[in-house]
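Listed below, chain by chain, are the residues.
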Amino acid sequence: MVLRLDQIVARLGGEIVGAGDTAISRIATLENAGPGDLAFLANPKYRHQLASTRAAAVIMAPPAADGLQAAILTAQPYLYYARVAQWLNPLPVPAPGIHPSAVVEGEVASTASIGPNVWVGPGATIGEGVVIAANCSIGAGVAIGAESRLAANVSIYSGTCLGARCLIHSGAVVGADGFGFARDADGRWVKIPQVGRVLIGDDVEIGAGTTIDRGALGDTVIADGVKLDNQIQVGHNVQIGAHSAMAGCVGIAGSAVIGARCTVGGGAIILGHLHIADDVNVSAGTLVTKSIQAAGTYSGAVPFLEHGDWLRNFSRLRHLDAMADKIRALEQRLAALEKK
Amino acid sequence: MVLRLDQIVARLGGEIVGAGDTAISRIATLENAGPGDLAFLANPKYRHQLASTRAAAVIMAPPAADGLQAAILTAQPYLYYARVAQWLNPLPVPAPGIHPSAVVEGEVASTASIGPNVWVGPGATIGEGVVIAANCSIGAGVAIGAESRLAANVSIYSGTCLGARCLIHSGAVVGADGFGFARDADGRWVKIPQVGRVLIGDDVEIGAGTTIDRGALGDTVIADGVKLDNQIQVGHNVQIGAHSAMAGCVGIAGSAVIGARCTVGGGAIILGHLHIADDVNVSAGTLVTKSIQAAGTYSGAVPFLEHGDWLRNFSRLRHLDAMADKIRALEQRLAALEKK
Amino acid sequence: MVLRLDQIVARLGGEIVGAGDTAISRIATLENAGPGDLAFLANPKYRHQLASTRAAAVIMAPPAADGLQAAILTAQPYLYYARVAQWLNPLPVPAPGIHPSAVVEGEVASTASIGPNVWVGPGATIGEGVVIAANCSIGAGVAIGAESRLAANVSIYSGTCLGARCLIHSGAVVGADGFGFARDADGRWVKIPQVGRVLIGDDVEIGAGTTIDRGALGDTVIADGVKLDNQIQVGHNVQIGAHSAMAGCVGIAGSAVIGARCTVGGGAIILGHLHIADDVNVSAGTLVTKSIQAAGTYSGAVPFLEHGDWLRNFSRLRHLDAMADKIRALEQRLAALEKK
């Protein structure tokens, strides 16, 4: 596909500097762009690369840099880049139909594509334009909304409802049992049947190896537009509000309720039964042990140090209380001395 | 299924308050229960919901609350709930037999159910009543005990032994190679063949995406009744004692030996070659770097703070040793002054 | 297989103490070895087991211990053990050919073995001696180098290039979309197409459930000899240098560049866009938030304590800044007093 800058601006807005008939066929970074590439400057850290880029044009915030062949000026270059990149890289559309090796017991829309060795259980309904890649397993009664896509080896348990235009990556598991047990007098665990479902809205992306458990009694609910990176664990009865996004390796324990438009950094853990307000940002590596009532950024990770420095400093953590006591004693002794 | 309270009490014990012929067909929370539902009060935090619940009956510790239609009194309402819920939600029993798309090279009991596109390797033995869902891969020589169930897309490597009544969720991997390498003079890693097995007892549950490595020389051993949540990593030659339970995202490094009836909170990590005594509870987010000899609860996570507070406080961690030195110097100077 | 010590030393070097025609057929630990077993002493902690081992011979550093039946002396007993163990445990070679249940649209070398229910997409090329186990999904245009092995249920996305002699464990996902979105004015996320690839060198091992994302624009690159344990997350455009090794549950955020011969301990997280020099060791549980310029060991985990001690000490972390202020105030007051 080849696009001219004036075509792009006609659809996506922005202002052209230079020749509107400049043709581009690919997005590239400032550093790697060649002739025919459209580059972008979103992070000021890369501003110095403007001088040497060979890009045919650059998406950037005004004013245009001197010396560029051409530019598209926009207040939000990163968002603009995303939109042009989507235009230039349309999703491949596999031929509709059910591969002969697939085992389909449910209902599949005529425009859906079901890949090799897929299983679709009884009562499942697969919407128009859905793409299910090889070796996926779709449980009984699952509903998958129009134009959603499942990469290879995805597992969806019975009863899960998935909205439209979702994207689920390989190895993801939706609807497995939540972790619920009662302990008997002998210390044995008695399983609590997990009879709720997982309800997922529209435009949700679920990363590779991410697991979302079904509810124990009620449902686990992932709202519209939520984006989950890889290897995230979402416990039973969790609710995640619309357009929240979480980076890799995050864990959300059971019954936590996360607001809308939150972000959670990589490896953070949110404990169970907590409430997190809308528009909360949790930094990477933070363990959230209490509810958060107000929008804002919250952090809890410790710095790292060269190993010897770490040993010297962090061993003191075992004695912080004693240090505080010593300071209090010093204050009292000093006050006594000052009085004399 | 409809049960009367007197039927329930006849099998599970407890004392009825109200009409013994009250019929219930479903378990629900106090908040969501309607007519025909049996609710439960296990967490005192929800006690206020008793006043407004529409449940036909409530499982609770004595004494019964005023105003309820009916109740079952028991010292352990959560455990009681688990048992009634199991009764009301019996596991579905798929028709026995081998799906025509499955590839079976081992031996399968006549009452077992092997799903679509499953592979069962040569020499594997699948016990009575076992259910293996779609797209599972069962390696050569694997033994799976009676009535165990594998959800879709589970991978079991050759030689693994699984007990009876186990439940393994999608994406779990049992018996992959442990991580063992020796470094040569050039810094290259030379693989140490992992020739041990994974031995799993009865009544073990393994969560979605959880991985349990085979032993390097000896075996990795998971004892009876162990419950592992999702995305847990268990290294080679680990031993986990009976009825221990671990929450999501836990990591257990190689050759760690965990006692019986332990609990490990989400995201905790236990380093290799450690011994953890029976009845130890490790809190969420704790990194266990030394063996634990005595039962009890052990913690190591740091609090989280509003970002600005975090910056101010946690940057001090780099200077804890200097703070301790300053306190010591103050003590000496003050003592000198006091002597005068 | 039975080997004599003199055969072993002829191939691998080292010095025999005792009878060179001592025959061994298995490697075992000092503790578990019986007649016919070759044991090894690599960790001085196990030295006391030399006295009671029943091993036919022991690999150890000189000098030989008294009382052993026989020994092979070498400066690097662990490396030596790895090499003998590889010799004694050759990889099983499945019969070449394509299982009739597999769906192969690409090109497969005649000596490769493609297991049951595997899918190989159009344009994929599978090299000589490659083994792909059951239920793997190999996307369009993927290239897999000679003698690489994929365990069951591995997912490789389109365009991935994998070198020779790699080993990929079950549940691993290579080439899923990186986590890239731009936020629009309403707080919605606009997906950035992930059009780069994953390029993996020779002799790379990838653990069970590990996920490696494709690049956003450029490629994600894993160099020769890299060893990744289970459940590691590697973000888009990450580069990992040759012979680096990472333990389970590590997370590497997007565009991080890791040097050669690095090691990363379990559960550590490396944030995005950082540079880590060659020969850096990151300790388990460390969150790396800044680039590391110099070889060495870096740590950032906090100690764990008995729960009551932890409460007392770690609650002080919220007041570290106030403690530092108090110390400064004490120093000033004391100096004032000393001047008098």
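Residues numbered from 1 in each chain as written. Chains lettered and ligands numbered in written order. Predicted model: local features only at pLDDT ≥ 70, side-chain atom pairs only at ≥ 80, totals over all residues.

Quick notes on the interface of chain A and chain C
Chain A puts 63 residues into the contact, and the matching count from chain C is 58 residues. Those elements giving two or more residues to the side of chain A that touches chain C turn out to be α2 (77-88), β40 (305-306), α3 (307-314) and α4 (320-339) of chain A. Looking at the side of chain A that touches chain C residue by residue, the classes come out as 31 nonpolar, 23 polar and 9 charged. Where β40 of chain A and strand β39 (residues 296-299) of chain C come together, 2 bridges link them in antiparallel fashion. Note that in β39 of chain C the partner of Glu306 of chain A across the bridge is Tyr298 of chain C. (Contact = placed C-beta atoms within 7 Å. Helix = DSSP H or I, 4+ residues; strand = E, 2+ residues; numbered from the N terminus. Nonpolar A, V, L, I, M, F, W, Y, C, P; charged D, E, K, R; others polar. Pairing = 2+ DSSP bridges.)

Some thoughts on the sheet that holds strand β9 (residues 103-104) of chain A
All names here are of chain A. On the basis of which strands lie adjacent, the open sheet formed by 10 strands has the order β9-β12-β15-β18-β21-β26-β29-β32-β35-β38 and parallel pairing. Two strands close off the open sheet at either side, each with one partner strand: β9 and β38 (287-288). Summarising the sheet, strand β32 (residues 251-252) and strand β35 (residues 269-270) pair through 2 bridges and their orientation is parallel. Note on β35: the bridge partner recorded for Ile252 is Ile270.

Some details on the pairing of strand β6 (residues 57-60) of chain A
Looking down a regular strand, the side chains alternate between one sheet face and the other. Residue and element names in this part refer to chain A. Of the two faces of β6, the one holding Ala57 and Ile59 and the one holding Val58 and Met60 are both buried throughout. Across 3 bridges, strand β5 (residues 37-40) lies against β6 in parallel orientation. For Phe40, the partnering residue across the bridge sits in β6 and is Ile59. Looking at chain direction, β6 and strand β7 (residues 71-73) are connected through 3 bridges and run parallel. The residue of β7 that forms the bridge with Val58 is Ala71. (Buried ≥ 20, exposed ≤ 12 C-beta atoms within 10 Å, placed from the backbone.)

Observations concerning the interface of chain C and chain B
How large an interface is tends to be reported as the accessible area lost when its parts come together. If you look at the interface, chain C gives 63 residues, while chain B gives 58 residues. Looking at the side of chain C that touches chain B, the elements with two or more residues in it are α2 (77-88), β40 (305-306), α3 (307-314) and α4 (320-339) of chain C. The element best represented in the side of chain C that touches chain B is α4 of chain C, accounting for 10 residues.

Remarks on the relation of the copies chain A and chain C
Overlaying chain A with chain C gives an RMSD of 0.1 Å, the required rotation being 120 degrees about an axis along which the chain moves by 0.0 Å. The two molecules are tied by a three-fold rotation axis, judged by turn and shift. (Least-squares fit on C-alpha atoms with pLDDT ≥ 70 in both.)

Concerning the environment of Ala42 of chain A
Residue and element names in this part refer to chain A. With respect to the helices and strands, Ala42 occurs in the loop between β5 and β6. Overall, Ala42 belongs to the partly exposed group, with 18 C-beta atoms counted inside 10 Å. In contact with Ala42, other than residues within four places in its own chain, are Pro77, Tyr78 and Tyr81.

Here's the deal with the packing of helix α4 (residues 320-339) of chain B against α4 of chain C
Interhelical geometry of α4 of chain B versus α4 of chain C gives an angle of 30 degrees and a closest axis separation of 10 Å. Classified by the interaxial angle, the pair formed by α4 of chain B and α4 of chain C is roughly parallel. Where α4 of chain B crosses over α4 of chain C, the handedness of that crossing is left-handed. Residues Met323, Lys326, Ile327, Leu330, Arg333, Leu334 and Leu337 of chain B of α4 of chain B form the contact with α4 of chain C, whose participating residues are Met323, Ala324, Ile327, Leu330, Glu331, Leu334, Leu337 and Glu338 of chain C. Here the residues of the contact of α4 of chain B with α4 of chain C sort into 11 nonpolar, no polar and 4 charged. (Axes fitted to C-alpha atoms, helices over the stretch in contact; angles between N-to-C directions. Parallel < 35°, antiparallel > 145°, perpendicular 65-115°, else oblique. Left-handed = near helix turned anticlockwise from the far one by under 90°.)

Quick notes on the domain arrangement of chain A
Each assigned domain of chain A is listed with its residue range as follows: domain 1 (3-88), domain 2 (97-298) and domain 3 (307-339). For domain 1 of chain A and domain 2 of chain A, the distance between their C-alpha centroids amounts to 36 Å. (Domains from an automatic or database assignment.)

Structural notes on unusual backbone geometry
Between Pro62 of chain A and Pro63 of chain A the backbone carries a cis peptide bond, its omega angle lying at 0 degrees. Within the secondary structure layout, Pro63 of chain A lies in the loop between β6 and β7. One non-glycine residue, His243 of chain C, adopts positive backbone phi at about 65 degrees.

Points about the environment of Leu287 of chain B
Take Leu287 of chain B: it is sitting in strand β38 (residues 287-288). Look at Leu287 of chain B and you get buried, because 24 C-beta atoms sit within 10 Å. Note: C-alpha distance between Leu287 of chain B and Leu50 of chain B (237 residues apart in sequence) is 40 Å. When neighbours within four sequence positions are excluded, Leu287 of chain B is seen to be in contact with Ile269 and Gly300 of chain B together with Ala284, Gly285, Ala301 and Phe304 of chain C.

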